[in-house]
Amino acid sequence: MMDILHLGGLHIIEDLQELFRGREHYMFVWSQIGDPANAFVVFFPLLFCISARWGIKLLWITAIAEWLNLCLKWVLYGERPYWYALELMNTTEQLTPVVDQFHITCETGPGSPSGHAMVTGPVWFVLVSALLYKLKQFFWQDK
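Bear in mind that the values here come from a model prediction, so they are computed numbers and not experimental data.

Reading the values: rules and limits
Residues numbered from 1 in each chain as written. Predicted model: local features only at pLDDT ≥ 70, side-chain atom pairs only at ≥ 80, totals over all residues. Heavy atoms only, no water. Axes fitted to C-alpha atoms, helices over the stretch in contact; angles between N-to-C directions. Helix = DSSP H or I, 4+ residues; strand = E, 2+ residues; numbered from the N terminus. Parallel < 35°, antiparallel > 145°, perpendicular 65-115°, else oblique. Left-handed = near helix turned anticlockwise from the far one by under 90°. Contact = heavy atoms within 4.5 Å. Nonpolar A, V, L, I, M, F, W, Y, C, P; charged D, E, K, R; others polar. 1 Å grid on protein atoms, 1.4 Å probe; cavity = no way out; pocket = protein on both sides within 12 Å on 5 of 7 lines; lining within 4 Å. Points joined across faces, edges and corners; volume = space filled by probe spheres on them.

Caption draft 1: Seen up close, the packing of helix α3 (residues 36-50) against helix α7 (residues 120-140). Two elements in contact, α3 and α7, have axes separated by 12 Å at closest approach and are oriented at 20°. Regarding the angle of α3 to α7, the classification is roughly parallel. α7 is crossed by α3, and the crossing has left-handed handedness. Where α3 abuts α7, its residues A39, F43, L47 and I50 lie against V123, V126, L127, A130 and K134. Classifying every residue of the contact of α3 with α7 by side-chain character gives 8 nonpolar, no polar and 1 charged.

Take a look at the structure:
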């Protein structure tokens, strides 16, 4: 079952890498800006100064996403996609998706689920939601 899941993930990664080929730098920047360290150290204090409610939401969603990601890594203990593709290529006869490895994904430890996606996504969601809420208040408030 997990092999089917990992293979499906490899196909998705291969398609995404092909779709965004040449734009890797932008993806690295977005991933690093939404990094949990930045959420705690940079965005939480800024957002808390603007709105305590949204600052606390960011703090909680980041903490929960980090914790959930860690628990799922313990349970699933999935390999990093690049390593899994190499292992699959060496052990089976089937056609294996070709995925690239980058400097921010070249880490030790389990790689599935991806912290870059699982934690950065909720951080960006709260930041964009707070921005849209404030813009709505500013532009469409009753006068």
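Caption draft 2: Examining the layout of surface pockets more closely. For the second largest pocket, the calculated volume is near 190 Å³. In terms of lining residues, the second largest pocket is bounded by F43, L46, L47, I50, S51, W54, W124, L127, V128, A130, L131 and K134. At the level of elements, α3 and α7 are the ones that each hand at least two residues to the lining of the second largest pocket. When residues in the lining of the second largest pocket are grouped by element, the largest group, 6 residues, is from α7. Residues of the lining of the second largest pocket, tallied by class, amount to 10 nonpolar, 1 polar and 1 charged.

None of this, on its own, says anything about what the molecule does.
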